[in-house]
Amino acid sequence: PKISPQLYNEYIERLAWRTPGGGSKGGAEAFDPKRLLEEFENHIEELKQLDEKIQRRVEKLEHQCHREAKEFAHKVQDLQRSNQVAFQHFQELDEHISYVATKVCHLGDQLEGVNTPRQRAVEAQRLMTYFNEFLDGDLRSDVFNNPEKIKEAADIIQKLHLIAQELPFDRFADVKAKIASKYHDLERQLVQEFTAAQRRCEIGRMREVAAVLLHFKGYAHCVDVYIKQCQEGAYMRSDVFEDTALLCQRVNKQVGEVFQSPETVMAKLIQNIFENTLQAHVKEKLDETRRSDIEQYLKNLYDLYTRTTALAAKLTEFNLGSDKHTFLSKLIKNIFSTYLESYIEMEKDYLRTRSTMILQRYYDSKNHQKRPLGGGSIQELKERIRQRTNLPLGPSIDTHGETFLSQEVVVNLLQETRHAFERCNRLSDPSDLPKNAFSIFLLLVEHLCVDHIDYALEIGLSAIPSADAKNANLYFLDVVQQANTIFHLFDKQFNDHLMPLISSSPKLTECLHKKKEVIEQMEVKLDTGIDRTLNCMVGQMKHILATEQKKTDFRPEDENNVMIQCTAACSKVCVYVSRQVERVRKSMDGKNVDTVLTELGVRFHRLIHEHLQQYSYSSMGGMLAICDVAEYRKSAKDFRVPLVLQLFGTLHALCNLLVVAPDNLKQVCSGEQLTNLDRNLLHAFVQLRVDYRQARLGRHFS
């Protein structure tokens, strides 16, 4: 490799410093170039010799490396040849082993073919010996008399029992009876032994006895005994469902160690618990309340069914066979089928009775006897005509400010219905769920919307006084406010509790149609009531103006001694209007507020417009009229409705025609606010001026 210039320079510098007289800056000895050259030449010679020496060593190592590489290649070739020879020997050995194995298997088959008949013959001879003992009636063999050999005896008697069943009854009746007796005796002993081992918690012994009994007819009895003993002392607490879950968890660990088919035993245990313990518990809880307390019965049915299905969900973690979900569903159905068949009718009867009681209790607390609606009497006909018109067909009903709507009643009705929806969701068959939920919804509509809200609206309409009534108390807006709040609660329950039950069924369309129908019916009555209430408000304003406004207000006798301010009638009307606007805002929400206030504002403007046209105005009276309209305009701002404010702005501009100089009338009429108005309307306002004829103001409109 090449030496870097820096290292080369450093090497030369060190060599020069080591050489006497070779320093570049002088020192003890002066600089001697010849000596330095000689030193360089000697050093170069040494480096050449060293290079030759290293080169010879490198060549020697390369030669040695080539020689060893050839030797290693020869060794690898020898190993490959040895490996090929070994592989050939291995193939030959493998073929030989396969040949020998085939021979051994063939020999084994031959030996088995000889040994199997021999074993069968020996077994048959042994069974014939034991059969002869039964035939003679003397069981001499130790296997039948030694209790410790009960397992071997059971195997023998089980085989003899199978053989005896094939023998003709007429010749071997006696021996068959003896074998059967011994069979049942051993079976009984094995069951007793299993029972004793279970009480001692000897799992190994239980497993041995169960394996022997597996071939006996009494194996099922053994399982029954095991199931019965498992449940002894298991239900010591009051919570049968929790006890069942703990029992099944404990037994599930044990059956796998005892029985060869643990899933069958576990399924039989659960079936036994459901058909006996749980069914008895359910029957006791439900039968005692079914006729005496239907509310408690429905609560118990919901609770028991919910807890039973929750228990079944826990039990699915155990091995119960291939279709454990169907198995558990059938067990639950067997317990509750009789109760679920009549559930929805009982639910509807209870909900109907309970809702009626809640409503009746409320009306009783108000000392109110519900009036039948929709009858055919003359009085009711008059009331309905009066509700839909402003004709004075007799006095209105005085409700003393009672709306006959109660949020507490509504909450109770919705609460009962919510519980009914929850029970319906849990207890109804999936195919019947939408239909059942719809029937509950119809009951809610009947009692909440018809019997309570609609009835209150009818009473509220009947209580609205006629438009010309004096000092009328307008309680219908309170009815509107409460009805609006109640309907929001009704709509929330519809979306939260009914919709999930019917959203994917044809009943959804039917429910939405019914809800829309109910809303539209109530909206018609609300609109009618609000319209008649607005008429009453306008009537009250008209009454204030009629009683408080004097003709001299706008034609003062002494025009030089008049305070420029709004009239007393205007002040009272503005106070009344502000109070009614506030009531409307409290009674409604959303766009309904603007809609009603717009209608009230338009009627208010029409009333003031018509009212002002009933008087004639002097110049000072015109100023007072402008003051009144300015005050009305200030009240109009409370409406927060642009149209109303615009109407009163225009009315204010019209009132300027009452005071403007005659020569300026044409200019004022061409102003921004009046230019688009009908000329006849402008002329009508100008005619209200006292100086109309004297100043010949009509020519300005010719």
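This structure is a prediction, so every number in the text was calculated from the model and none was measured.

Criteria and thresholds
Residues numbered from 1 in each chain as written. Predicted model: local features only at pLDDT ≥ 70, side-chain atom pairs only at ≥ 80, totals over all residues. Heavy atoms only, no water. Helix = DSSP H or I, 4+ residues; strand = E, 2+ residues; numbered from the N terminus. Buried < 20%, exposed > 50% of the residue type's maximum accessible area, 1.4 Å probe, protein only. Contact = heavy atoms within 4.5 Å. Polar contact = N/O pair within 3.5 Å; in protein donor to acceptor, adjacent residues only side chain to side chain. UniProt positions renumbered as here; feature names shortened; annotations may be inferred. Patch = residues over 30% accessible without salt bridge, like charges linked within 9 Å, V, L, I, M, F, W, Y side chains within 5 Å. Areas by Shrake-Rupley, 256 points an atom, 1.4 Å probe, with all protein chains shown as cover. Salt bridge = Lys/Arg side-chain N within 4 Å of Asp/Glu carboxyl O. Lys, Arg positive; Asp, Glu negative; His and termini not counted. Charge placed at Lys NZ, Arg CZ, Asp CG, Glu CD. Phe/Tyr/Trp six-rings, centres within 6.5 Å; stacked < 30°, edge-to-face > 60°. Lys NZ or Arg CZ within 6 Å of the ring centre and 35° of its normal. Axes fitted to C-alpha atoms, helices over the stretch in contact; angles between N-to-C directions. Parallel < 35°, antiparallel > 145°, perpendicular 65-115°, else oblique. Left-handed = near helix turned anticlockwise from the far one by under 90°. Nonpolar A, V, L, I, M, F, W, Y, C, P; charged D, E, K, R; others polar. Expected span 1.5 Å × (residues − 1). Arc of directions from axis to C-beta. Core = buried A, V, L, I, M, F, W, Y, C linked by side-chain atoms within 4.5 Å.

Observations regarding the environment of Y235
- Its location among the elements puts Y235 in the loop between α7 (219-230) and α8 (240-258).
- For Y235, a relative accessible area of 23% translates into the label partly exposed.
- Sequence separation between Y235 and L246 is 11 residues; the distance between their C-alpha atoms is 9.9 Å.
- Contacts of Y235, omitting those with residues within four sequence positions, involve V240, D243, T244, L247, I273 and T277.
- Within the local environment of Y235, its side chain forms a polar contact with the side chain of T244, the two groups lying 3.1 Å apart.

Observations concerning the UniProt feature "coiled-coil region" (unreviewed entry) in the chain
- According to UniProt, the feature "coiled-coil region" (unreviewed entry) maps to residues 37-64 in the numbering used here.
- Taken end to end, residues 37-64 has its terminal C-alpha atoms 41 Å apart, with 100% of it in helix and 0% in strand.

Some words on the side chain of E347
- Tracing the backbone shows E347 in helix α12 (residues 343-365).
- At 2.8 Å, the side chain of E347 and the side chain of R423 are in polar contact.
- Ignoring any residue separated from it by four or fewer positions in sequence, one finds E347 in contact with L298, A420, R423 and I440.

Thoughts on a negative patch on the surface
- Residues E38, E39, E41, E45, E46, D51 and E52 make up a contiguous surface patch of negative charge.
- With respect to the helices and strands, E38 occurs in helix α2 (residues 33-136).
- Residue classification places E38 among the partly exposed residues on the basis of a relative accessible area of 48%.

Some remarks on unusual backbone geometry
- The residue N367 is not glycine, and still its phi comes out positive at about 55 degrees.
- Mapping N367 onto the fold places it in the loop between α12 and α13 (378-388).
- Take N367: its relative accessible area is 75%, and that puts it in the exposed class.
- Even without a glycine there, the phi angle at F404 is positive, about 60 degrees.
- Tracing the chain through its elements places F404 in the loop between α13 and α14 (407-427).
- Judged by relative accessible area, which is 7%, F404 ranks as buried.

Here we look at a nonpolar patch on the surface
- A cluster of nonpolar side chains, namely L47, L50, I54 and V58, defines an oily patch on the protein surface of about 320 Å² accessible area.
- Relative to the helices and strands, I54 is located in helix α2.

Overview of the packing of aromatic side chains
- For the coordinates displayed, the defined rule picks out 15 aromatic pairs.
- Ring geometry for F194 versus F259: centroids 5.9 Å apart, planes at 45 degrees, classification tilted. You can see F194 sitting in helix α5 (residues 169-199) and its partner F259 sitting in the loop between α8 and α9 (262-287), a full 65 residues away along the chain.
- Here the aromatic cluster, defined as three or more aromatic residues joined through ring pairs, consists of F438, F441, F487, F490 and F494.
- A cation over an aromatic ring shows up here: K370 above the ring of Y455, its NZ or CZ 4.6 Å from the ring centre.

A closer look at the side chain of K515
- Relative to the helices and strands, K515 is located in helix α17 (residues 507-548).
- Of the polar contacts made by the side chain of K515, one reaches the side chain of D491; its length is 2.3 Å.
- Aside from chain neighbours lying at most four places away, what touches K515 is F441, F490, D491, F494 and N495.

Some remarks on the packing of α12 against helix α15 (residues 433-463)
- Two elements in contact, α12 and α15, have axes whose closest approach is 10 Å; the angle formed by their N-to-C orientations is 15 degrees. With respect to α15, the element α12 is oriented roughly parallel. Relative to α15, α12 is oriented so that their crossing is right-handed. Contact with α12, carried on its side by I344, E347, K348, L351, R352, S355, T356, L359, Y362 and Y363, involves N436, S439, I440, L443, H447, D451, H452 and Y455 of α15 and no other residues of that element.
- Across the contact of α12 with α15, the residue classes tally to eight nonpolar, six polar and four charged.

Some points on helix α18 (residues 568-587)
- Given a rise of 1.5 Å per residue, 20 residues ought to cover 28 Å, and the 29 Å separating the end C-alpha atoms of α18 matches this to within 8%.
- Listed in full, the buried residues belonging to α18 are A569, C570, V573, C574, Y576, V577, Q580, V581, V584, R585 and S587.
- Where α18 is buried, its residues meet α16 (476-502), α17, α19 (591-612) and α20 (619-637).

Some remarks on helix α10 (residues 294-315)
- Its 22 residues give α10 an end-to-end C-alpha distance of 31 Å, which sits within 8% of 32 Å, the value for a rise of 1.5 Å per residue.
- Of all the residues in α10, the buried ones are Y297, L298, N300, L301, L304, Y305, T308, L311, A312 and L315. For α10, the buried positions fall inside an angular range of 165 degrees around the axis, keeping them on one side.
- As for α10, its buried residues are in contact with α8, α9, α11 (324-341), α12 and α14.

A few points about the nonpolar core
- The biggest cluster of nonpolar side chains holds 160 residues, and the ones touching the most others in it are Y226 and F259.
- Ignoring anything within four residues of it in the chain, the contact list for Y226 reads F194, Q198, M206, V251, Q254, V255, F259 and V265.

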